[in-house]
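This is what each chain is made of:
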2 protein chains.
Amino acid sequence: MFFKVFVKNCTLLYYQHEGKFAKLRKYSPVFTGAVAFLSSKSKSNIDTDEFMALPITPLDKLSSSPNDMKSKMELMILRVQKDFCRALEAEEDCNKFIVDRWERKEGGGGVTCVLQDGKVFEKAGVNISVVSGNLPPGAVAQMRSRGKKLENGDLPFFAAGISAVIHPVNPMVPTIHFNYRYFEVKSGDEVQWWFGGGTDLTPYYLNRADAVHFHQTLKTTCDRHDKSYYPRFKKWCDDYFNIPHRGERRGVGGIFFDDLDEPSQEQCFEFVRDCARAVIPSYIPLVQRHKIASYSKIEREWQLLRRGRYVEFNLIYDRGTKFGLYTPGARYESILMSLPLTARWEYMHEPKENSPEGALLEVLRNPKDWVV
Amino acid sequence: MFFKVFVKNCTLLYYQHEGKFAKLRKYSPVFTGAVAFLSSKSKSNIDTDEFMALPITPLDKLSSSPNDMKSKMELMILRVQKDFCRALEAEEDCNKFIVDRWERKEGGGGVTCVLQDGKVFEKAGVNISVVSGNLPPGAVAQMRSRGKKLENGDLPFFAAGISAVIHPVNPMVPTIHFNYRYFEVKSGDEVQWWFGGGTDLTPYYLNRADAVHFHQTLKTTCDRHDKSYYPRFKKWCDDYFNIPHRGERRGVGGIFFDDLDEPSQEQCFEFVRDCARAVIPSYIPLVQRHKIASYSKIEREWQLLRRGRYVEFNLIYDRGTKFGLYTPGARYESILMSLPLTARWEYMHEPKENSPEGALLEVLRNPKDWVV
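Reference entry: report on the structure contained in this document. Because the structure is a prediction, the values reported are computed rather than measured. (Residues numbered from 1 in each chain as written. Chains lettered and ligands numbered in written order. Predicted model: local features only at pLDDT ≥ 70, side-chain atom pairs only at ≥ 80, totals over all residues. Heavy atoms only, no water.)

### A look at the relation of the copies chain A and chain B
- Superposition record for chain A on chain B: RMSD 0.0 Å, screw rotation 180 degrees, translation along axis 0.0 Å. As the rotation angle and translation indicate, the two copies are arranged about a two-fold axis.
- A share of 100% of the interface residues of chain A reappears at the interface of chain B, consistent with the copies meeting face to face through the same patch. (Least-squares fit on C-alpha atoms with pLDDT ≥ 70 in both. Contact = heavy atoms within 4.5 Å.)

### Focus: the nonpolar core
- One finds Phe84, Leu88 and Tyr283 of chain A to be the most contacted residues of the largest nonpolar core, which totals 74 residues.
- A total of 11 residues in this core trace back to one element, the largest contributor, which is helix α5 (residues 69-89) of chain A.
- Of all hydrophobic cores here, the second largest spans 66 residues; its members include Val80, Ala87, Ala124 and Leu286 of chain B. (Core = buried A, V, L, I, M, F, W, Y, C linked by side-chain atoms within 4.5 Å. Buried < 20%, exposed > 50% of the residue type's maximum accessible area, 1.4 Å probe, protein only. Helix = DSSP H or I, 4+ residues; strand = E, 2+ residues; numbered from the N terminus.)

### Overview of the interface of chain A and chain B
- Across the contact, 33 residues belong to chain A and 33 residues belong to chain B.
- The largest per-residue losses of area from chain A upon contact with chain B belong to Glu333, Trp345 and Tyr347 of chain A, which jointly make up 26% of the total buried on that side.
- Viewed at the interface, chain B and chain A are joined by 4 salt bridges.
- Of the charged contacts in the structure, one is a salt bridge between Asp117 of chain A and Arg344 of chain B, with a shortest N-O distance of 3.8 Å.
- Taken together, the connections running from chain A to chain B amount to 13 residue pairs in polar contact (both at pLDDT 80 or more).
- Among the secondary structure elements, those contributing two or more residues to the side of chain A that touches chain B are β1 (98-103), β2 (108-116), α11 (297-317), α12 (319-325), α13 (332-335) and β10 (342-344) of chain A.
- Top element by residues in the side of chain A that touches chain B is α11 of chain A. It accounts for 5 residues.
- Looking at the side of chain A that touches chain B, its residues break down into 18 nonpolar, 5 polar and 10 charged.
- Where β10 of chain A lies against strand β10 (residues 342-344) of chain B, 3 bridges are found, and the strand directions are antiparallel. By the bridge assignment for β10 of chain B, Ala343 of chain A is matched with Ala343 of chain B. (Buried area = accessible area lost by both parts, 1.4 Å probe. Salt bridge = Lys/Arg side-chain N within 4 Å of Asp/Glu carboxyl O. Polar contact = N/O pair within 3.5 Å; in protein donor to acceptor, adjacent residues only side chain to side chain. Nonpolar A, V, L, I, M, F, W, Y, C, P; charged D, E, K, R; others polar. Pairing = 2+ DSSP bridges.)

### What about the pairing of strand β4 (residues 156-168) of chain A?
Residues and elements named next belong to chain A.
- The buried fraction of β4 is high, at 11 of 13 residues.
- Pairing analysis gives 13 bridges linking strand β3 (residues 121-134) to β4, with the strands arranged antiparallel. Directly across from Lys123, in β4, lies its bridge partner His167.
- The turn joining β4 and strand β5 (residues 175-187), which pair antiparallel and follow one another in sequence, is formed by 6 residues.

### Details of helix α9 (residues 265-277) of chain B
- Helix length check: α9 of chain B (13 residues) gives 18 Å between terminal C-alpha atoms against 18 Å at 1.5 Å per residue, within 8%.
- Taken as a whole, α9 of chain B has its buried residues at Cys268, Phe269, Phe271, Val272, Asp274, Cys275 and Ala276 of chain B. (Expected span 1.5 Å × (residues − 1).)

What follows is the structure, given as structure tokens:
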């Protein structure tokens with residue numbers, strides 16, 4: 001096992017620096033030896049087989065600070081990323097995720113995994129990022145408006161998060177989005193930290209059993225930590241994923257929360273980790289149930305129109321997208337991977353009365369309680 | 001002629017109130033007589049045959065204040081709307097514009113004309129609006145930031161404008177957008193007024209002759225009014241239609257200006273009217289030249305990807321769209337008619353070197369001077 005981890009780390013290190021290594025190919029025997037030697041110095045008890053790519057933070061540093069929340073969060077999101085990617089691939093016949101590990105010159109980086117034009121998934125993006133630097137002014141203003149006390153001057157921050165959006169081919173399979181993140185800001189001598197995140201479902205056709213299963217899975221997870229979480233975070237989700245100009249929610253909701261910093265850092269982490277682990281059981285059964293359903297051209301076109309609404313929400317209202325795109329050095333391809341492969345806008349489209357399309361709109365206009 | 005105008009006005013009035021009239025159908029002979037009588041009282045020298053629908057302002061009022069800029073602008077944009085819609089229809093085999101005349105409960109209304117799923121035009125929207133009320137706080141802040149001196153308290157405003165976006169089917173035919181508007185704000189005892197607008201072209205494949213023809217038509221129009229206009233407004237256009245996160249312009253530009261209030265109101269109006277009238281000669285020849293060009297699936301997919309960029313600009317950066325969607329009572333269907341019927345987002349798409357797609361990107365990344 002230990003040897004396997006070691007070899008895997010070397011391989012990942014190699015691919016990560018393939019461009020630079022290529023120039024050194026003529027010295028390859030010497031060079032390979034050197035890599036092995038250097039890597040052996042950074043050998044750790046971290047099994048990188050559990051990840052889609054090498055962590056952003058050097059393995060040494062992660063191994064030597066296992067109790068630091070920054071390390072715990074990075075390792076957790078890397079594991080969830082791989083588990084979720086593998087679970088999605090298992091539903092595909094052959095299409096696999098492509099993996100982009102990228103670095104940000106201002107500090108940190110990320111691993112973006114995208115599967116496009118699959119048989120089951122039209123576009124699936126699963127991204128982790130671990131970034132640090134000084135907070136940009138827009139972010140400072142946003143955080144202060146949420147009640148954070150932050151001094152003037154440079155505010156060093158650390159953020160680690162996972163986010164994913166899965167747009168399936170079949171209109172009977174809903175789209176899922178989730179995002180879990182940990183934030184630290186140093187203001188004066190004090191380090192402030194909090195967690196945020198959520199999971200939400202966007203069906204194209206309403207299936208009540210799906211909505212109930214999805215919400216029940218989230219509620220069971222929340223209830224294990226605090227009975228007040230699910231009702232509060234369910235409402236927060238309905239309020240957040242709102243398209244005011246249309247008077248519609250984006251989907252049937254889920255949970256959403258931010259600024260979670262009690263009862264303790266460890267308990268918050270366990271809650272967030274459990275939410276992230278609940279994504280697979282909340283969603284994959286819905287994929288399995290509907291991925292081979294037959295559908296008509298009309299149903300496909302309705303799916304594309306609803307994807308247009310998804311684009312409207314993400315580009316006009318989503319704080320994450322706006323914050324991301326206005327941040328210098330942001331990797332826009334990773335931010336915009338949430339957009340569907342195809343979307344459609346028709347002027348004045350209105351579903352017929354008593355149609356399945358109308359039944360969906362009804363619950364988007366008047367959010368429901370799916371579990372009690 | 002006079003009789004024709006009178007009958008046309010009655011017909012338009014009838015259609016405009018068709019819903020209400022329907023309830024009165026049982027009294028139809030009496031009723032028709034009454035409509036004719038009442039309409040005769042409002043007879044005017046305005047030929048409504050020149051419009052797609054009745055003006056927003058009552059005909060009486062428009063006739064009795066022919067020298068008021070508000071009347072002149074409303075009549076001008078109504079005529080340009082019809083001329084442009086008819087010019088586009090002439091390029092189609094059979095598809096016609098549908099006409100929606102709408103009212104806004106806060107004051108004013110508009111006429112939205114949309115042609116969808118045509119043989120030549122996938123989606124064409126030509127909208128006029130004539131609105132009034134008190135400026136919303138967001139608009140006040142935006143205008144103050146541009147140097148307008150506005151008092152505190154209610155600020156009554158009037159705005160009349162035309163805007164259009166034409167997305168053709170054939171990837172060899174470019175998309176065109178134009179918008180011309182007149183604004184009045186009453187602050188204290190003073191009425192401030194200004195004009196704004198522009199016309200810009202978004203090709204999917206670069207055709208230098210098209211770009212030159214388009215810019216030359218705009219330049220000739222500008223030069224008739226002020227030799228400094230074209231170079232200033234061309235640069236303004238390149239700066240405005242920018243997608244910073246991609247480092248690309250939306251298209252090959254055109255002209256764009258705002259806050260135009262000299263040398264005189266009349267001269268500004270004549271300039272704006274001439275620009276609006278230049279849309280047909282700048283664009284229709286390009287449609288005629290390329291609408292029957294053959295194209296491949298790859299070219300169609302590239303067009304859809306570029307339409308995704310168009311959506312990104314309109315939903316993230318365009319001030320008109322943002323201002324519109326955040327304004328209470330705004331008619332979002334008229335604002336969002338600018339979005340294409342279909343758009344596409346692929347992760348990390350990059351055209352091949354020395355490809356026609358790459359040649360377009362080159363001029364989007366480094367705007368060119370097309371005429372001197």
